[in-house]
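# Breakdown of the fold
The primary structure of each chain is shown beneath.
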Amino acid sequence: MTVQADAARRRIEDLLRQHEEQILARWVQIAKAPSGELLDIYRALRSALDQGKGDLADVRGLLAELSRTRARAGHAPADTARAVFGLKEALYEVVEADGEAEALRGFIWFSRLIDDLGLLTFEIFSDAREKIILDQAEQLLELSTPVVKLWEGIVAVPLIGTLDSARTQVVMEKLLQTLVDTGAEHAVIDITGVPAVDTQVAQHLLKTVVAARLMGAECVISGIRPQIAHTIVTLGIEFGDIVTKASLADALAHAFRRSGVQVIRSHNARIAVRAEDA
Amino acid sequence: MQRVPVLKLGDILIVSIQIDLEDQSVLALQEDLADRVVATGARGVIIDITAVEIVDSFIGRMLATIATMCRMLDAQTVVVGMRPAVAITLVELGLSLGGVRTALNLEKGVALLDHVRGADR
């Protein structure tokens, strides 16, 4: 740092110390924030500057806390950043009154410092958001992959939502583990809730079926809607010798047939007849 | 080198793999098994890999080779007890073990062999 810049910087530090009351009051007015928080930040900033080499860890910590609480309270990140930038305006009034070239030069340095801190609040805000999104994605993954037992030896996986590699992995692992746990020999993968099937999704489905087959279970894919059948044929995807059915009921009937279960309608079943027809 | 024992149960040979397979033991197993199938006139071979936790392409190919070999000697091969992780690994390796029959456990493997032979008769 040159002597000149050093002097400019010291001048700003002096101003911050001498006019603390005035700057702080003006800052609170501009930022429209509770004075307690801003006072803490101001004190931390000043003590960081007083110590010399600009160790801003404390200030960053306070700002992170401020950004987080404000984000949780529903403030836009721009508001928080603007509140921090308000300090420049508050200080500028003092600098202008001071009128020295050194103070003006120092103001540029100070302004850069505040810019960095303002951007920091933005970063923290987006980090917090990112974390929320990640948590939710994880929860969604856990929620959306149940394996249900349809009959002794028959399990079904109703898939809902878009299939990607991560989800297929979870579905595959869960299905295979269920096969081991229950000893089921038939599995139905129902894709009624899958909005679109492309080559990648088909690839994932095929892998799951082959893996189940390796373990000694048969897989049926059901719930193929007309548009999806059309897409699959247009894309030229080959399902080979994998059994596919239009509805879950058809797949269940197929599994019954393969496992030798017969469903017979009972003769003395009650038939719903309205009183006036009887 | 550890050898994998081949057990005879009626006209079925049972191979239960309980050790970490080395390439040498795999080759020895293939020879032993072919010899035993010929010697006993077995009609079915069950390979139990319940205890196998790690597979590579070599072991995947071994299963396919044994199955082909046994079919030439007129014996059906069933691989039983494959773990989910193993199945996923084999699929990712691109090995679908085309000609190999599979079953969830030994009991179901025996039932499958009975069923297949019943159909042949």
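Residues numbered from 1 in each chain as written. Chains lettered and ligands numbered in written order. Predicted model: local features only at pLDDT ≥ 70, side-chain atom pairs only at ≥ 80, totals over all residues.

## Quick notes on the overall build of chain A
- Across its full length, chain A holds 10 helices and 5 strands.
- In chain A, buried positions account for 29% of the 278 residues.
- Summarising the internal contacts of chain A: among those between residues at least 6 apart in sequence, 73% fall at separations of at least 24. (Helix = DSSP H or I, 4+ residues; strand = E, 2+ residues; numbered from the N terminus. Buried ≥ 20, exposed ≤ 12 C-beta atoms within 10 Å, placed from the backbone. Contact = placed C-beta atoms within 7 Å.)

## Some thoughts on helix 1 (residues 3-18) of chain A
- In a regular helix each residue adds 1.5 Å, so 16 residues correspond to 22 Å; helix 1 of chain A covers 22 Å between its end C-alpha atoms and thus fits that length.
- Looking at the buried positions of helix 1 of chain A, the neighbouring elements they touch are helix 2 (20-31), helix 3 (35-50), helix 5 (77-98) and helix 6 (101-143) of chain A. (Expected span 1.5 Å × (residues − 1).)

## Description of the nonpolar core
- Ala 187, Ala 211, Ala 212 and Met 215 of chain A together with Val 45 and Ala 87 of chain B are the most contacted members of the largest nonpolar core, which has 66 residues in total.
- In terms of residues, this core owes the most to one element, helix 8 (residues 199-214) of chain A, which gives 7 residues.
- With residues up to four places along the chain from it excluded, the contact list for Val 45 of chain B reads Leu 13, Val 15, Leu 33, Val 37, Cys 70, Ala 75 and Thr 77 of chain B. (Core = buried A, V, L, I, M, F, W, Y, C linked by C-beta atoms within 7 Å.)

## Comments concerning the environment of Val 197 of chain A
Residue and element names in this part refer to chain A.
- Topologically, Val 197 is positioned in the loop between strand 3 (186-193) and helix 8.
- In this structure the C-alpha to C-alpha distance between Val 197 and Ala 229, which are 32 residues apart in sequence, comes to 9.1 Å.
- Sequence-distant contacts of Val 197, defined by excluding residues within four places in its chain, comprise Ala 202, Ile 228, Thr 231 and Ile 232.

## Remarks on the interface of chain A and chain B
- Taken together, the contact between chain A and chain B spans 16 residues of the former and 14 residues of the latter.
- If you list the elements that add at least two residues to the side of chain A that touches chain B, you get helix 7 (165-182) and helix 8 of chain A.
- Sort the elements by how many residues they give to the side of chain A that touches chain B and helix 7 of chain A lands first, with 6 residues.
- Counted by class, the side of chain A that touches chain B contains 9 nonpolar, 3 polar and 4 charged residues. (Nonpolar A, V, L, I, M, F, W, Y, C, P; charged D, E, K, R; others polar.)

## Structural notes on the sheet that holds strand 5 (residues 101-103) of chain B
Residue and element names in this part refer to chain B.
- An order of 1-2-3-4-5 is seen for the 5 strands of this open sheet, with the pairing classed as mixed. Unpaired on one side and paired on the other, strand 1 (6-9) and strand 5 mark the two borders of the sheet. Between one strand axis and the next, the sheet turns by 25° as a mean value, whatever way the strands run.
- Docked against the sheet, helix 2 (residues 57-72) engages strand 3 (44-48) and strand 4 (76-80), running at close to 155° with respect to strand 4. (Pairing = 2+ DSSP bridges. Axes fitted to C-alpha atoms, helices over the stretch in contact; angles between N-to-C directions.)

## Focus on the pairing of strand 1 (residues 148-151) of chain A
Residue and element names in this part refer to chain A.
- As defined by bridge partners, strand 1 adjoins strand 2 (residues 154-160) across 3 bridges and the pair is classed as antiparallel. Note that in strand 2 the partner of Val 148 across the bridge is Ala 156.
- A loop of 2 residues connects strand 1 with strand 2, the two strands running antiparallel in sequence, and Gly 153 in this loop sits at a positive phi of about 85°.

## So, the sheet that holds strand 1 of chain A
Residues and elements named next belong to chain A.
- Overall, mixed pairing links the 5 strands, which are arranged 1-2-3-4-5 in an open sheet. Looking at which strands have only one partner, the edges of the open sheet turn out to be strand 1 and strand 5 (243-244).
- Sheet topology places strand 3 next to strand 4 (residues 218-222); 5 bridges connect them, and they run parallel. Within strand 4, the position partnered with Val 188 by the bridge is Val 220.
- On the sheet, helix 7 packs against strand 1, strand 2 and strand 3 and is oriented at approximately 165° with respect to strand 2.

Honestly, that's just the spatial picture; any functional story needs more than this.
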